[in-house]
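The primary structure of each chain is shown beneath.
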Amino acid sequence: MNETLAALGDEYWERYLADNPMFASILGDHRYDDRMGDFSAEAEDRRIAHLRSIADRAEAIDPDELDPADRVSLEVLHFSALGEIDVLESRLSDFTVNPASGIQAILPTALAQLPIETAEHAVALLERYRDLGHQLGVAADRLADAADRSRTSPSVHVDAVIAQLDAHLATDLDDDPYLRVRNPMSFSDDEMLAWRAELATVVADHVRPGFARLREVLADRVRPVARSADQPGLGHLPGGEAAYAGLLAYHTSTDLSAEDIHRIGLEQVSRLADEYRSLGGEVLGTTDLAEIFERLRDDPALHFETGEEVRAAAETAMARAKAAMGDWFGRLPQADCLVGEVPSGPVAFYYPPAEDGSRPGTFFVNTADPTSWARYEIQATAFHEGIPGHHLQLAISQELEDVPAFQRHARITAYAEGWGLYTERLADEMGLYSSQLDRIGMLSADSMRACRLVVDTGLHAMGWTRQQAIDYVVANSPMRLGTIVPEIDRYIGMPGQATAYMVGRLEIQRIRTDAEQRLGDAFDIKAFHDVVLGSGLVPLGTLERMVDDWVVDAA
């Protein structure tokens, strides 16, 4: 690899791990196990300054002097640095609290993934929890300061997070979610008991007071001045329009405007209506769109009753996908993918395996309310989050031996989520859906992602109210209200992120269609997928160039 580029990539990656110690630990890098990370605005300023230096030095490298693999690495590095600057400069951390994706919702699940194997790891967790208590105070101070400047989340989010914190703080200490971490295998029984006792003390003396401080600030300082649900979007804040444009550029890795994305969403919603009518007539005996949505949404027989049912259905779908993936992919992941249940956080998500092999990849389903899961939804979700979706994408990326670390672990939303959504349709080509009803689940998942283009841009660029966004998804998808509301709240708290799925899927599909047309009978789907997955996560423009080079060589 080019020496200048290699050194710059290493510098970027080392700083990234130091600034994101939880991520480092989950990967199996234990150097920062005693840290939670710095939640202060000053730390963000330091990160931005370093990223600008990285981006400037990356720009100074002439791509024409690099071999093809190094050119890909350079583009990933440059995009990652500039994109992270856009995210940090939006200053979402100043004021955002979110019941779906906030620290109180996602941290317990992340902590449960920590590879705690030795006494050193166990002792470091005690220090990490002490730091967590301190950093929660830092975050609370930022929220209070932002509230003084009329920068807040909507009141409905503040109320929901206060309720979540109240529920946590009312829990018996013995049942505290921050005690649900792995036991070090090297401990004797007495050592385990002593460590567990000290861990409970640290949770009581540091973690819970930190969350109590956060709750106090939200109730006393933020809630009285919180934004109305009629003004939930970034566009209602000073500088919000520019911040949203930067976030769209980062999450989609395109130059599409909010208006462009909104229009694409409307077109996709319209196209899906015809597919619903076709399958609805066959499966439900009606071609009336409103009736199709009503049946899918309200028929109790089409919804799960227990978390065990949800998990079992996901495991069955994953087993079928594992058996078929060798026919569609030349490169397969070495790490396994399991299914796990969680009681909070996103509806479904994926954690990649640890680099050292100590933990497999895991597709998590939130089963807090099993009846919110439609039976026809679980297969498309399993294929997206597990196989052939994020597990193949992220596990293969981590296992690449000929690309630098920063590239193996790059976070490029449109590629990541575009691939996940692409594989929901690919699973149909692979014959993985077990019934026509389950294929309707594929359409339901598409509806969610198409509606996201409309409502995310509507909320943040076009002045939509929260209720307006909810009503749009109700009218244009079979999703239940209980699923739609947290989805809308997620989009409010994570501006732009939700647009990446459909934008990425459409671009990956366009790139594939172009390759198929140019190569004709010479097109090899396994080779195409190996090109797409063979360099880790890349910007969509880079992906198009990579596939174009492959087509030229294969012709």
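The model shown is predicted, which means the values in this text are computed figures rather than measured ones.

Draft legend 1. View of helix H23 (residues 540-554). With 15 residues, H23 should cover 21 Å at 1.5 Å per step; its first-to-last C-alpha distance of 21 Å lies within 8% of that length. For H23, the full list of buried residues reads Leu540, Thr542, Leu543, Arg545, Met546, Val547, Trp550 and Val551.

Draft legend 2. Spatial organisation of empty space enclosed by the protein. Counted by the stated rule, this structure contains three cavities of 30 Å³ or more. The wall of the largest cavity is formed by 15 residues, among which Phe95, Thr96, Arg227, Ile492 and Gly493 lie closest to the centre. Elements supplying a minimum of two residues to the lining of the largest cavity: helix H5 (92-95) and helix H20 (481-493). Partitioned by chemical class, the residues of the lining of the largest cavity number eight nonpolar, six polar and one charged. Lining the second largest cavity are Ser25, His30, Asp33, Leu114, Pro115, Ile116, His121, Leu125 and Arg128. Considering every element that reaches the lining of the second largest cavity, the biggest residue donor is helix H7 (residues 119-148), with three residues.

Draft legend 3. Local environment of the packing of aromatic side chains. Counted under the stated rule, the structure contains 20 aromatic pairs. A centroid spacing of 6.2 Å and a plane angle of 90° characterise the contact between Trp13 and Phe23, whose relative ring orientation is edge-to-face. Residue Trp13 is found in helix H1 (residues 3-19), and its partner Phe23 is found in helix H2 (residues 21-27); the two are separated by 10 residues along the sequence. In this structure, Trp13 and Phe23 share a single accessibility class: buried. Chaining the aromatic ring pairs together yields one cluster made of Tyr12, Trp13, Tyr16, Phe23 and Phe406. Directly above the aromatic system of Phe23 lies the positively charged group of Arg411, at a separation of 4.2 Å from the ring centroid.

Draft legend 4. The nonpolar core, seen in detail. Counting 134 residues, the largest nonpolar core has Tyr276, Phe363, Ile488, Phe528, Val547 and Trp550 as the members making the most contacts within it. Ranked by residues supplied to this core, first place goes to helix H18 (residues 436-461) with 11 residues. In contact with Tyr276, other than residues within four places in its own chain, are Gly281, Leu289, Ile292, Phe293, Leu296, Ile440, Leu443, Ser444, Ser447 and Pro478.

Criteria and cut-off values
- Residues numbered from 1 in each chain as written.
- Predicted model: local features only at pLDDT ≥ 70, side-chain atom pairs only at ≥ 80, totals over all residues.
- Heavy atoms only, no water.
- Helix = DSSP H or I, 4+ residues; strand = E, 2+ residues; numbered from the N terminus.
- Expected span 1.5 Å × (residues − 1).
- Buried < 20%, exposed > 50% of the residue type's maximum accessible area, 1.4 Å probe, protein only.
- 1 Å grid on protein atoms, 1.4 Å probe; cavity = no way out; pocket = protein on both sides within 12 Å on 5 of 7 lines; lining within 4 Å.
- Points joined across faces, edges and corners; volume = space filled by probe spheres on them.
- Nonpolar A, V, L, I, M, F, W, Y, C, P; charged D, E, K, R; others polar.
- Phe/Tyr/Trp six-rings, centres within 6.5 Å; stacked < 30°, edge-to-face > 60°.
- Lys NZ or Arg CZ within 6 Å of the ring centre and 35° of its normal.
- Core = buried A, V, L, I, M, F, W, Y, C linked by side-chain atoms within 4.5 Å.
- Contact = heavy atoms within 4.5 Å.

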